[in-house]
Amino acid sequence: MRQIVCLKVTPKVDEIRFDDQSKTIIREGVENEIDDADKNALEMALHLKDKFGGTVTVISMGPPAFEPFLKLAVAMGADDAILLSDRGFAGSDTFATSRVLAAALRKLSPFDVVYCGEASADGSTEQVPPSIAEWLDVPGITYVTSLDYDGSAMKARRDIRGGYETIRAKTPILVSVELGCNTPRFPDFRRKRWAEKELKLTVWNMQDLGLLPSQAGNEGSLTTVTGLRNMRATARKNEYLTGTPEEVVSRLLQAIQEARA
Amino acid sequence: MSRPEVERGGVLVFLEQTDGAIERVSLEVLGKAREIANRLSKRVTGVLLGTGVEVAAEECARRGADLVLVGESSLLKDYTTETYVAAILPVLKERDPDIVLCGATHNGTALASALAVRLQAGLLAHVVDLELEEGTGVLLGAVPGFGGSIVAMCKCRGRPQMATVKPGVFIPLGVDEARAGEVRKFGPTITPDVVRQVILEKSIGSGPDISRAERVVIAGLGCGGDLTLARKLAEVLHADLAVSRPLADKGIAPKEMVVGSTGSGLNAKLAVVLGVSGASHFTSGIRNAKSVIAINKDPNATIFRHSDYCVKDDVNRIVPELISRIEKDSKVGSR
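Residues numbered from 1 in each chain as written. Chains lettered and ligands numbered in written order. Predicted model: local features only at pLDDT ≥ 70, side-chain atom pairs only at ≥ 80, totals over all residues. Heavy atoms only, no water.

1. Concerning the overall build of chain A
Assigned secondary structure in chain A consists of six helices and 15 strands. Summarising its shape, the C-alpha atoms of chain A cover approximately 65 × 45 × 40 Å along the three principal directions. Out of the 261 residues belonging to chain A, those deemed buried represent 52%. Put simply, 71% of the contacts in chain A that link residues at least 6 apart link residues at least 24 apart. Carbon and sulfur atoms make up 50% of the accessible area of chain A, which amounts to about 11,900 Å² in all. In chain A, 33 positive and 37 negative side-chain charges are present, and the distance between their average locations comes to 2 Å. (Helix = DSSP H or I, 4+ residues; strand = E, 2+ residues; numbered from the N terminus. Buried < 20%, exposed > 50% of the residue type's maximum accessible area, 1.4 Å probe, protein only. Contact = heavy atoms within 4.5 Å. Areas by Shrake-Rupley, 256 points an atom, 1.4 Å probe, with all protein chains shown as cover. Lys, Arg positive; Asp, Glu negative; His and termini not counted. Charge placed at Lys NZ, Arg CZ, Asp CG, Glu CD.)

Quick look at the structure:
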């Protein structure tokens, strides 16, 4: 079974601050990590590899600074890692991002299963996985919580509002994996050391993927950000209730009564 | 005066149904689409796919749509991206809408993403507001990012301009018998060979919709992974029970109960938040709650900044007392 996992390296969301003056996001000093849902996607792929054999390749679009994160994925059990890196990729929206990833996946085909996390913690548009599926013209199944192979086709369980669906589809398919659906394994210490010291990552740029500058990055995007707003917090009373639990509760009962209006 | 056979342009809304019942978010989007179309002096066309959707189609025609196109086929009973794309794409190509809107549900997001690739159209993700740019009439969408704490104002290059809309942000129009739109069937040209994924089993929950609850008690990690106390408080308050994301990730509660950017936004009159630290992806979910009570033993918890009444104490010390006092005073318990 040939499996590919698309990973995104994202800043830790709760460390991100917004500069009201410059209307920009302050990324300095914010730690990066492999996006949580993507770790669940990688774990799902590694689990099937343990069961059915084959290979798991990870790909990620980003600057060379993301290499250590790809090596971490290899330490977790991936066989190979490819970084899609080109200045021309910067500023890609979901249309351009999915196009770049699809171009890399085409270059890696044939494959059986492509994985993505359901959404990234920063943008969380949830649009990239179903967009890639459309570029590649393969069935896309989103919000998958478990995946299995029955000898001739993949069987996926996916979350739908308040319930689930079980879906059967022949490979190749693309799945987006639900955040928290499994527990990602820890990196193997020896593999980690080997990856850090000896593994040479493959890096593909725009030309390697056969894309034109007009097909990626800002130029290849179909949406534009016209401005950023800090979501104004709702004005709250911020009234601190102190005293004995009895006193606090008396005040809470009053507040609950008032909230009926 | 004869009308052209196909009205081109305007606003097109994908109307999502589950087992024949229209999704509430589709009615919300339809209401906003009506407002946008009025400002542009254009029409609103809804597209509804499935089987047994006549009642839902009539409802949409009375709640904002000028025309509801109904595509009936047994192949469209349940959503799969390939069948829905195959059915809708010809409609989009024929009608060439200026704007395409759809609810940001799991299936709505998948459909809109696939259509955007096919149409080479810009797609704004789960917007929390839509407006028209002064002078140009270009669609502007407020796209939340970074857990909902920051909103980017975005627009599309070219046409159609597409957006998915976060559930719960717009208000559906009431049923207006006077301005009933037209319901028209179209024969979707869809053949079995389009089908590449087969739904073997489907189970839809019927739990309460916390985004519409009047009172909500929300349990977080500070409740120690046990919902007993929170559930009891919800019971005496006649409130719905909800949780923060980590509790769902741990399997303590189903995902439908999650409040925040990855779950539901509340529109409650009262939210009682127990043992939640208050990360931004959570607090975006209580933004529209009228009154917020927070109880947390961590005095520095950010949740207090987003609350009206703040209790820096252990949930286990305050909540039992609160429950017993409410039980004694039925006036408080009743809504």
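2. A few points about the environment of A:Asp35
Residues and elements named next belong to chain A. Relative to the assigned elements, aspartate 35 resides in the loop between strand E5 (32–34) and helix H1 (36–52). The spatial distance from the C-alpha of aspartate 35 to the C-alpha of lysine 12 is 8.6 Å, given a sequence separation of 23 residues. What aspartate 35 contacts, discounting residues up to four positions off in sequence, is Lys8, Thr10, Ala119, Ser120 and Ala121.

3. Some words on the interface of chain B and chain A
Listed per partner, the contact involves 87 residues of chain B and 82 residues of chain A. Of the roughly 7,300 Å² buried where chain B meets chain A, counting both sides, 55% is carbon and sulfur surface. Interface area lost by chain B to chain A is led by B:Phe146, B:Arg157 and B:Tyr309, which between them contribute 12%. At the surface where chain B touches chain A, the tally comes to seven salt bridges. For the salt bridge of A:Glu165 with B:Lys202, the shortest nitrogen-to-oxygen distance reads 3.5 Å. At the surface where chain B touches chain A, the tally comes to 37 residue pairs in polar contact (both at pLDDT 80 or more). Counting residues per element, the side of chain B that touches chain A draws most heavily on helix H4 (residues 106–119) of chain B, which supplies nine residues. Each residue belonging to the side of chain B that touches chain A can be placed in one class, and the counts come to 39 nonpolar, 23 polar and 25 charged. Both strand E14 (residues 223–230) of chain A and strand E10 (residues 150–156) of chain B contribute to a ladder of seven bridges, which runs antiparallel. Opposite A:Arg229, over in E10(B), you have B:Val151 as the bridge partner. (Buried area = accessible area lost by both parts, 1.4 Å probe. Salt bridge = Lys/Arg side-chain N within 4 Å of Asp/Glu carboxyl O. Polar contact = N/O pair within 3.5 Å; in protein donor to acceptor, adjacent residues only side chain to side chain. Nonpolar A, V, L, I, M, F, W, Y, C, P; charged D, E, K, R; others polar. Pairing = 2+ DSSP bridges.)

4. Some thoughts on the sheet that holds strand E18 (residues 309–311) of chain B
Taking strand neighbours across the sheet as the criterion, the six strands line up as E15(A)-E18(B)-E17(B)-E16(B)-E14(B)-E15(B) in an open arrangement whose pairing is parallel. Edge positions in the sheet fall to strand E15 (239–240) of chain A together with strand E15 (240–243) of chain B, since each of these pairs with one other strand and no more. Two strands pair when backbone bridges link them, and E15(A) and E18(B) are joined in this way by two bridges, in the parallel orientation. By the bridge assignment for E18(B), A:Tyr240 is matched with B:Cys310. Here helix H5 (residues 228–237) of chain B sits on the sheet and contacts strand E14 (215–219), E15 and strand E16 (270–274) of chain B; the angle it forms with E14(B), its principal contact strand, is near 175°. (Axes fitted to C-alpha atoms, helices over the stretch in contact; angles between N-to-C directions.)

5. Topic: the sheet that holds E10(B)
Across the sheet, which stays open at both edges, the four strands sit in the order E14(A)-E10(B)-E9(B)-E8(B) with antiparallel pairing between neighbours. Every interior strand has two partners, whereas the edge strands, E14 of chain A together with strand E8 (129–132) of chain B, have only one. Averaged over all adjacent pairs, the angle separating strand axes in this sheet is 30°, with direction ignored. The pairing of strand E9 (residues 139–145) of chain B with E10(B) spans six bridges and is antiparallel. Residue B:Pro144 lies in a different strand from E10(B), and its bridge partner there is B:Val151. Helix H1 (residues 24–40) of chain B rests against E8 and E9 of chain B of the sheet, and its axis sits at about 5° to E8(B).

6. What about the packing of aromatic side chains?
Tallied over the entire structure, the rule returns six aromatic pairs over all chains. Look at A:Phe66 and A:Phe69: their rings are 6.3 Å apart centre to centre, the planes differ by 90°, and that puts the pair in the edge-to-face class. Neither A:Phe66 nor A:Phe69 differs from the other in exposure class; each is buried. Three or more aromatic residues link up through ring pairs in this structure, and these residues are B:Phe14, B:Tyr79 and B:Tyr84. Over the aromatic face of A:Trp204 sits the side chain of A:Lys107, whose NZ or CZ is 4.8 Å from the ring centroid. In this arrangement the basic side chain of B:Lys312 is found over the ring face of A:Tyr240, its NZ or CZ atom lying 4.7 Å from the centre. (Phe/Tyr/Trp six-rings, centres within 6.5 Å; stacked < 30°, edge-to-face > 60°. Lys NZ or Arg CZ within 6 Å of the ring centre and 35° of its normal.)

7. A look at the pattern of salt bridges
Under the criterion given, the structure shown has 40 salt bridges over all chains. The partner of A:Glu178 in a salt bridge is B:Lys255, with the nearest N and O atoms 3.2 Å apart. With A:Glu178 in the loop between strand E12 (173–177) and helix H5 (189–197) and B:Lys255 in the loop between helix H6 (245–249) and E16, this pair bridges two chains. Like B:Lys255, A:Glu178 is buried. With a shortest N-O distance of 2.9 Å, B:Lys202 and B:Asp78 are connected by a salt bridge. Pair noted here: B:Lys202 is in strand E13 (residues 197–203) and B:Asp78 is in the loop between strand E5 (67–72) and helix H3 (81–95), with a separation of 124 residues, a long-range link. Residues joined by salt bridges that share partners form a network here, namely A:Arg158, A:Glu165, B:Asp19, B:Lys77, B:Asp78 and B:Lys202.

8. Digging into the packing of H5(B) against helix H8 (residues 315–328) of chain B
All names here are of chain B. The geometry of H5 relative to H8 is characterised by a closest axis approach of 10 Å and an angle of 25° between their N-to-C directions. Between H5 and H8, the interaxial angle falls into the category roughly parallel. Viewed along their axes, H5 and H8 form a crossing whose handedness is left-handed. Counted together, Leu229, Lys232, Leu233, Val236 and Leu237 of H5 and Val315, Asn316, Val319, Pro320, Leu322, Ile323, Ile326 and Glu327 of H8 form the full contact between these two elements. Here the residues of the contact of H5 with H8 sort into 10 nonpolar, one polar and two charged. (Parallel < 35°, antiparallel > 145°, perpendicular 65-115°, else oblique. Left-handed = near helix turned anticlockwise from the far one by under 90°.)

9. Details of the nonpolar core
All names here are of chain B. Counting 41 residues, the largest nonpolar core has Val68, Leu101 and Leu130 as its most contacted members. Broken down by element, the residue count for this core peaks at seven residues, all from H1. Other than its neighbours up to four places away in sequence, valine 68 contacts Leu15, Gly46, Leu48, Ala57, Cys60, Ala61, Glu182, Val183 and Arg184. Membership of the second largest hydrophobic core comes to 39 residues, among which are Cys223, Ala234, Leu241 and Val258. (Core = buried A, V, L, I, M, F, W, Y, C linked by side-chain atoms within 4.5 Å.)

10. Quick look at the side chain of B:Ser211
Residues and elements named next belong to chain B. By secondary structure assignment, the location of serine 211 is in the loop between E13 and E14. Polar contacts involving the side chain of serine 211 include one to the side chain of aspartate 209, which spans 2.7 Å. For serine 211, the contacting residues outside a window of four places in its chain are Ser264, Gly265, Leu266 and Asn267.

11. Focus on the pairing of E5(B)
Residue and element names in this part refer to chain B. In terms of burial, E5 is a largely internal element, five of the six residues being buried. Bridge count between strand E4 (residues 44–50) and E5: six bridges; the pairing is parallel. Within the sheet, the bridge partner assigned to valine 47 lies in E5 and is leucine 69. Handedness of the crossover is the feature at issue here: the chain leaves E4, passes through helix H2 (residues 54–61), returns alongside E5, and the resulting connection is right-handed. With five bridges connecting them, E5 and strand E12 (residues 182–186) associate as parallel partners. Bridge pairing in E12 places valine 70 opposite lysine 185. (Right-handed = clockwise from strand over helix to strand, strands pointing away.)

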